[in-house]
Amino acid sequence: EDKVVQSPLSLVVHEGDTVTLNCSYEVTNFRSLLWYKQEKKAPTFLFMLTSSGIEKKSGRLSSILDKKELFSILNITATQTGDSAIYLCAVPRSNFGNEKLTFGTGTRLTIIP
Amino acid sequence: GAVVSQHPSRVICKSGTSVKIECRSLDFQATTMFWYRQFPKQSLMLMATSNEGSKATYEQGVEKDKFLINHASLTLSTLTVTSAHPEDSSFYICSAEGGGFGSPLHFGNGTRLTVT
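Keep in mind that what you see is a predicted model, and the values were worked out from it rather than measured. (Residues numbered from 1 in each chain as written. Chains lettered and ligands numbered in written order. Predicted model: local features only at pLDDT ≥ 70, side-chain atom pairs only at ≥ 80, totals over all residues. Heavy atoms only, no water.)

**Re the overall build of chain A**
Tallying secondary structure elements over chain A gives 0 helices and 11 strands in all. On C-alpha atoms alone, chain A measures out to a radius of gyration of 14 Å, which is about the 13 Å that the 2.2 N^0.38 rule sets for 113 residues. Its C-alpha atoms give chain A principal-axis dimensions of roughly 45 × 30 × 20 Å. Relative to its full complement of 113 residues, chain A shows a buried share of 45%. The long-range fraction of contacts in chain A, counting pairs at least 24 apart against all pairs at least 6 apart in sequence, stands at 53%. Surface accessibility of chain A: about 5500 Å² in total, with carbon and sulfur atoms responsible for 51%. Within chain A, one finds 13 positive and 11 negative side-chain charges whose respective centroids are separated by 5 Å. (Helix = DSSP H or I, 4+ residues; strand = E, 2+ residues; numbered from the N terminus. Rg over C-alpha atoms; globule rule 2.2 N^0.38 Å. Buried < 20%, exposed > 50% of the residue type's maximum accessible area, 1.4 Å probe, protein only. Contact = heavy atoms within 4.5 Å. Areas by Shrake-Rupley, 256 points an atom, 1.4 Å probe, with all protein chains shown as cover. Lys, Arg positive; Asp, Glu negative; His and termini not counted. Charge placed at Lys NZ, Arg CZ, Asp CG, Glu CD.)

Structure (structure tokens):
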């Protein structure tokens, strides 16, 4: 059975700090790993990672995948209160496209002003 | 980018009634849509895969007679919670692939269902 584990479950830091969120996975037929940010409503897409060692970056957020060790990290530098959210990691189960995502438990990030 | 619209965003209903939730892909065609359920402080759990023009496939433990899914067109899937009970109260989110093969899922804004 596919498995996605995120850590920590919860994290509280001060504004300006840098945080690292972890995601490890066990899945057959790995295709990609996705990161989402969920605030009050539905998740919004952040990154899709398919290759090891290639960092994806968007502003203060970056992510990298290690397919040998089966994990990914999401970094957020110079955190802001708007970064407070649940960050979800997911891997597709299907052999086609990105159907049937298996989600991790999420990391609830709280940024204190 | 691809937009998925979900309606209603919030609904309160009485026990025993049925509630329909709509999920529309606004600027792309989605042959497949997915319905997730999220309990407070928990992650998203896939309930079922909605296939245009055919029967939905349900995940283990999800009652197909209770959660009716209809995907009658390439842009619309509906989830009907039949004979709702308070334990069905949850956050329901739909998603669809947009932008072609390998593109990430795009989610609707979710529906908060409260059954009294």
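**Quick look at the sheet that holds strand β1 (residues 4-7) of chain B**
Residue and element names in this part refer to chain B. The strand order β1-β3-β8-β7 describes an open sheet built from 4 strands, whose pairing is antiparallel. Since the sheet does not close on itself, it has two edges, and those belong to β1 and β7 (67-73), each with one partner. Each neighbouring strand pair of the sheet contributes to a mean axis angle of 15 degrees, computed without reference to strand direction. Here β7 runs beside strand β8 (residues 76-81); their pairing, made up of 5 bridges, is antiparallel. Residue pairing in the sheet places I69 in a bridge with L79 of β8. (Pairing = 2+ DSSP bridges. Axes fitted to C-alpha atoms, helices over the stretch in contact; angles between N-to-C directions.)

**Examining the interface of chain A and chain B**
At the interface, 21 residues of chain A touch 23 residues of chain B. Interface area, chain A with chain B, both sides summed: about 1700 Å², of which 58% is carbon and sulfur. Viewed at the interface, chain B and chain A are joined by 0 salt bridges. The tally of links between chain A and chain B comes to 3 residue pairs in polar contact (both at pLDDT 80 or more). Looking at the side of chain A that touches chain B, the elements that each hand over two or more residues are β4 (33-38), β5 (43-49) and β10 (101-103) of chain A. Considered class by class, the residues forming the side of chain A that touches chain B number 10 nonpolar, 5 polar and 6 charged. (Buried area = accessible area lost by both parts, 1.4 Å probe. Salt bridge = Lys/Arg side-chain N within 4 Å of Asp/Glu carboxyl O. Polar contact = N/O pair within 3.5 Å; in protein donor to acceptor, adjacent residues only side chain to side chain. Nonpolar A, V, L, I, M, F, W, Y, C, P; charged D, E, K, R; others polar.)

**Description of the side chain of T80(B)**
Residues and elements named next belong to chain B. Its location among the elements puts T80 in strand β8. Given the relative accessible area of 15%, T80 is considered buried. Here T80 is in contact with S18, V19, K20, K66, F67 and L68, once residues within four sequence places are set aside.

**A few points about the environment of V3(B)**
Residues and elements named next belong to chain B. By the secondary structure assignment, V3 is in the segment before β1. A sequence separation of 22 residues divides V3 from S25, and the C-alpha atoms of the two residues are 6.1 Å apart. The contacts of V3, once residues within four sequence positions are left out, are R24, S25, L26, D27 and F28.

**Examining the nonpolar core**
A general tendency of soluble globular proteins is for nonpolar side chains to be buried together. Among the nonpolar cores identified, the biggest contains 23 residues, and W35(B), L79(B), Y92(B) and L113(B) are the most heavily contacted of them. Of all the secondary-structure elements, those providing two or more residues to this core are β2 (10-13), β3 (19-25), β4 (32-38), β5 (44-51), β7, β8, β9 (90-97) and β11 (111-115) of chain B. Counting 21 residues, the second largest nonpolar core, distinct from the first, contains V13(A), Y25(A), L65(A) and L74(A). (Core = buried A, V, L, I, M, F, W, Y, C linked by side-chain atoms within 4.5 Å.)

**Focus on the sheet that holds strand β6 (residues 56-58) of chain A**
Residue and element names in this part refer to chain A. Spatially, β1-β3-β8-β7-β6 is the arrangement adopted by the 5 strands of the open sheet, whose pairing is antiparallel. Looking along the sheet, the strands with just one partner apiece sit at the ends: β1 (3-7) and β6. Across the sheet, the mean angle separating the axes of adjacent strands is 15 degrees when strand polarity is ignored. Pairing geometry for β1 and strand β3 (residues 19-26), over 5 bridges, is antiparallel. Its bridge partner being in β3, K3 is matched across the sheet by E26.

**Quick look at the packing of aromatic side chains**
In this description, a pair of aromatic rings is defined by centroid distance and the angle of the planes. Inspection of the entire model under this criterion finds 8 aromatic pairs over all chains. Taking the centre distance of 6.1 Å and the plane angle of 50 degrees together, the rings of Y36(A) and F103(A) count as tilted. Of this pair, Y36(A) sits in strand β4 while F103(A) sits in strand β10, and the two are 67 residues apart along the sequence. Following the ring pairs from residue to residue traces out a cluster consisting of Y36(A), F45(A), F103(A), Y36(B) and F107(B). (Phe/Tyr/Trp six-rings, centres within 6.5 Å; stacked < 30°, edge-to-face > 60°.)

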